[in-house]
Amino acid sequence: MNFFSTQMRSLHLLMVVIICSFSNGQAQTRSEFLLTKNWKFSKGDHPESVASDFNDSGWETVTVPHDWAIKGPFDGGNDSQDVAIVQNGENKATRKTGRTGGLPFIGKAWYRNTFVAPAFKKGKKVVILIDGAMSNPLVYFNGEKVGHWAYGYNSFFIDVTRQMREGQNTIAVGLENKPEASRWYPGAGLYRNVHVIITEDISIPVWGTYITTPLINKDFAKVKIKTQISGVNENDETLSLQTSIKNAKGETVATATKVLLATDLNEFEQDIIVKSPELWSPEMPNLYQAITKLYAGKTLKDEYTTTFGIRTIKYEAQKGFSLNGVYRKFKGVCNHHDLGPLGTAINVAALRRQLVLLKDMGCDAIRTSHNMPAPELVKLCDEMGFMMMVESFDEWKAPKVRNGYSHLFDEWAEKDVVNMVHANRNHPCVVMWSIGNEVPDQGTKNGGKILEFLQDICHREDPTRPVTVGMDRIQNALDNNFAAVLDVPGFNYKPNQYEMAYTRLPQGFILGTETASTVSSRGVYKFPVVPQKQKMYDDNQSSSYDLEYCNWSQIPDDEFVKQDDLQYVIGEFVWTGFDYLGEPTPYDEKWPSHSSYFGIIDLAGIPKDRYYLYRSKWNTAQSTLHTVPHWTFPGREGQVTPIFAYTSYASAELFVNGKSQGKQFKSHASNTNRYRLMWKDVKYDPGTIKVIAYDENGKVAAEETVKTAGKPHHVKLETDRKTLIADGQDLAYVTASIVDVNGNVCPDANDSLSFQVTGNGSYKVVANGDATNLELFHLPHMKAFNGKLVVTVQSTNKAGSLNLQVSGKGLKTGTIAILTK
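The rules behind the values
Residues numbered from 1 in each chain as written. Predicted model: local features only at pLDDT ≥ 70, side-chain atom pairs only at ≥ 80, totals over all residues. Heavy atoms only, no water. Buried < 20%, exposed > 50% of the residue type's maximum accessible area, 1.4 Å probe, protein only. Helix = DSSP H or I, 4+ residues; strand = E, 2+ residues; numbered from the N terminus. Contact = heavy atoms within 4.5 Å. Pairing = 2+ DSSP bridges. Axes fitted to C-alpha atoms, helices over the stretch in contact; angles between N-to-C directions. Core = buried A, V, L, I, M, F, W, Y, C linked by side-chain atoms within 4.5 Å. Phe/Tyr/Trp six-rings, centres within 6.5 Å; stacked < 30°, edge-to-face > 60°. Lys NZ or Arg CZ within 6 Å of the ring centre and 35° of its normal.

## Quick notes on helix H2 (residues 375–384)
1) Next: Of the positions making up H2, those classed as buried are Glu376, Leu377, Val378, Leu380, Cys381 and Asp382.
2) Next: Buried positions along H2 lie against helix H1 (348–361), strand S25 (365–367), strand S26 (387–391), helix H3 (409–424) and strand S27 (430–437).
3) Next: Gly385 sits one or two positions beyond H2 and adopts a positive phi of about 90 degrees.

What follows is the structure, encoded as structure tokens:
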């Protein structure tokens, strides 16, 4: 398939969400609801629990989405993995203790839910859609096995029409997580949503629509909608499809009607013109709705709403990537799927908070490393304006871990890729597929064949988007033409090879699919301040001067230079946006480290200093000025303590206790000088430091003051949201800071804090961002880490107000009220 040429054709795509629908207030044709409450759960193997009359009264009652392992306890023996590495040319056996987070996710467990679906009557159709279950789910319905899926990250659906009863029904799901099956914390349980979808006998199946826009200009867009129909019989009345498209204001902008012909093979195809289309982009995520009604004769059989966007994407040799005709570079991050202290259990409020922080940083793209995303994340990226690289696998046939995906590949790879594409191909935010990450197969003789196999599936199911792989064995991939076969050659941590590879690649562009992997611990500063590779300290922390990195990686500035200087490099996806559970490099062999140091934002959701370095470069709509480090270092008086400024301005002047330390200007003297302003010889003198930034005309543009903190005095509380929805699921994240009497954060305060919630809300979890902290997230107390932690509170189903109180010994208690409605 000749997918690309020097001048590649535009790519266009939209998004589909099926929802519950009604016939103009008349009979209900489609009912969809989530099975969230009253699940029964038990760890261990309970095959007898598949029976409808099994007595599960002794099991724990949980709410789904649910991660059974996140409550711990942490233990370095949980899924510790023996790994052989090459060191100084010799093989060395190592034991990785915190590689998968040290949480107890290994083993079997069962879930059961008994429910009634009033909308179901005989003659209707019923499908169970599971967005993800970790892992190897076996599904039973009313005592009968109805389905199985092996890969815990993928969505799948099962037709249970024959097993469904009017009245009470029971679903049972058995799960098993094997040891050494992952390189990070995968989670455990029904961690994503379970849907029940009830339709008429003739209906649109799950993921049964496919929408593209083959022609877009300023005057109009042609919207092509393909709609599959299931349950059709020869004796059925004539089927017709009526579709109306509405803009964001609810105004109808286009309509179409189509009659199904025998030659259509149970698939409608409609071409609808939308005049003066409002295009989707990260800056303006405009969305439309297509409201479609399926009729058999005059009888309404199905009705659903499709939310979609209109946009063009293009990848061109030398020129790079363009969206809606405007060339741009991806300012992306890679993220694993856990939500920090919530574990892997999906929550829309938690996802939205992550995206809000990334949006303020200037990020415009997400790579779903290294697996299919939750549908809620993709929907939010559509709405909030993030482009997405949707990824499938961390392994193909050559293993990385003992029980990884390599055991599933032959049987499941095609089915997994098809489901990934069908579930996500209608989202405007999705701009490429990734079929693998650092797969060892890129260096084997069969790697190219596997690549073509997977890439061809993506092209077959969605010919409108390109395919990439995150490659780390660049020389192998170039020599065996693995890289040349890809639509988009993706490079992991190889900025120094971009120029060489460009001369050998036919595509004419390169993407940094995984970059930087700088390590840091929020609020920790190590001396002397010099670049350090694979540096480890006795306290298992890394310095926030942002000069420490891994054996294979770089600091941000080294990637920035290539992104700025090489037009054919089309962007980057930084490893990672957020710290995540597991993979605590460089301390993955040194317990108690159990979560990563790579994040630009820590596990609690507090931005590290590095956040502002990226913001100063990426957020072109707002200015940035951030000073590194804090200025409270008792015992360092008179010692060299460098000061950095991360700023969008070209120059700044530093004052220490009112005395100028001189102006610094960004320059090309070094990669770091190009993006940071650095005063390297400052000696620590308690008091006040001030940085004044100047614009291009030499006028004062911004200033920041940092003061030496006094003794801890009280707890200051700040919430990310002042009002919550009273749905029992909404979350607020409250940052608790230990401050002195004047409100200055005490950056060395690690006091233990306790939390109490009253009113219409509840305490959920807490995190402090310390990768070595073994305190449990769900308990209402934790030590602050470098003066801060974040408490998560949850609404109830009752409107009113929730009140959070945070207290610590010797500290004035902090209180905050949050409305719920």
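So much for the structure itself; the text now carries on.
## Considering the sheet that holds strand S39 (residues 688–694)
1) Next: Pairing in this open sheet of 4 strands is antiparallel, and the strands run S37-S36-S39-S40 from one edge to the other. Two strands close off the open sheet at either side, each with one partner strand: strand S37 (659–665) and strand S40 (700–707). Along the sheet, successive strands turn relative to each other by an average axial angle of 15 degrees, direction set aside.
2) Next: Relative to S39, strand S36 (residues 651–656) runs antiparallel, the two sharing 6 bridges. Bridge pairing links Ala652 to Ala693 in S39.

## A few points about the nonpolar core
1) Next: One finds Tyr315, Phe330, Leu358, Trp396, Leu454 and Phe755 to be the most contacted residues of the largest nonpolar core, which totals 205 residues.
2) Next: Beyond its immediate sequence surroundings of up to four residues, Phe330 is in contact with Tyr315, Phe321, Asp364, Ala365, Met387, Val431, Met432, Leu511, Ile570, Gly571, Glu572 and Phe573.
3) Next: One finds Ile216, Ile225, Ala256 and Tyr288 within the second-largest nonpolar core, a separate group that totals 14 residues.

## Topic: the pairing of strand S21 (residues 313–316)
1) Next: Direction of pairing for S21 relative to strand S22 (residues 320–323): antiparallel, over a ladder of 4 bridges. Counterpart to Tyr315 in the pairing with S22 is Phe321.
2) Next: If you look at the hairpin formed by S21 and S22, you'll find 3 residues sitting between the two strands, and Gln318 has a positive phi there, around 65 degrees.

## Section: the packing of aromatic side chains
1) Next: Evaluation of the coordinates by the stated rule reveals 42 aromatic pairs.
2) Next: Ring plane angle 15 degrees and centroid distance 5.9 Å describe the contact between Phe755 and Tyr763, whose orientation is recorded as stacked.
3) Next: Aromatic rings pair up to connect Tyr525, Phe527, Tyr545, Trp631, Phe633, Phe644 and Tyr684 into one cluster.
4) Next: Between Lys526 and the ring centre of Tyr537, over which it is positioned, the NZ or CZ distance is 4.7 Å.

## Comments concerning the sheet that holds strand S42 (residues 723–724)
1) Next: Ordered in space as S42-S49-S48-S44-S46, the 5 strands form an open sheet in which the pairing is mixed. Lying at the two open borders of the sheet, with one neighbouring strand each, are S42 and strand S46 (781–783).

## Quick notes on unusual backbone geometry
1) Next: Along the chain, Gly72 connects to Pro73 via a cis peptide bond; the corresponding omega equals 5 degrees.
2) Next: Tracing the chain through its elements places Pro73 in the loop between strand S4 (60–62) and strand S5 (81–87).
3) Next: Put simply, Trp591 and Pro592 share a cis peptide bond, and its omega is 20 degrees.
4) Next: You can see Pro592 is positioned in the loop between strand S33 (569–575) and helix H9 (609–618).
5) Next: Although it is not a glycine, Asn266 sits at a positive phi angle of roughly 60 degrees.
6) Next: If you trace the backbone, Asn266 turns up in the loop between strand S17 (252–259) and strand S18 (267–275).
7) Next: Judged by its relative accessible area of 34%, Asn266 is partly exposed.
8) Next: Unusually for a residue other than glycine, Asp546 sits at a positive phi of about 60 degrees.
9) Next: Residue position: Asp546 is located in the loop between strand S31 (532–533) and strand S32 (548–549).
10) Next: Asp546 sits in the buried class, given a relative accessible area of 0%.

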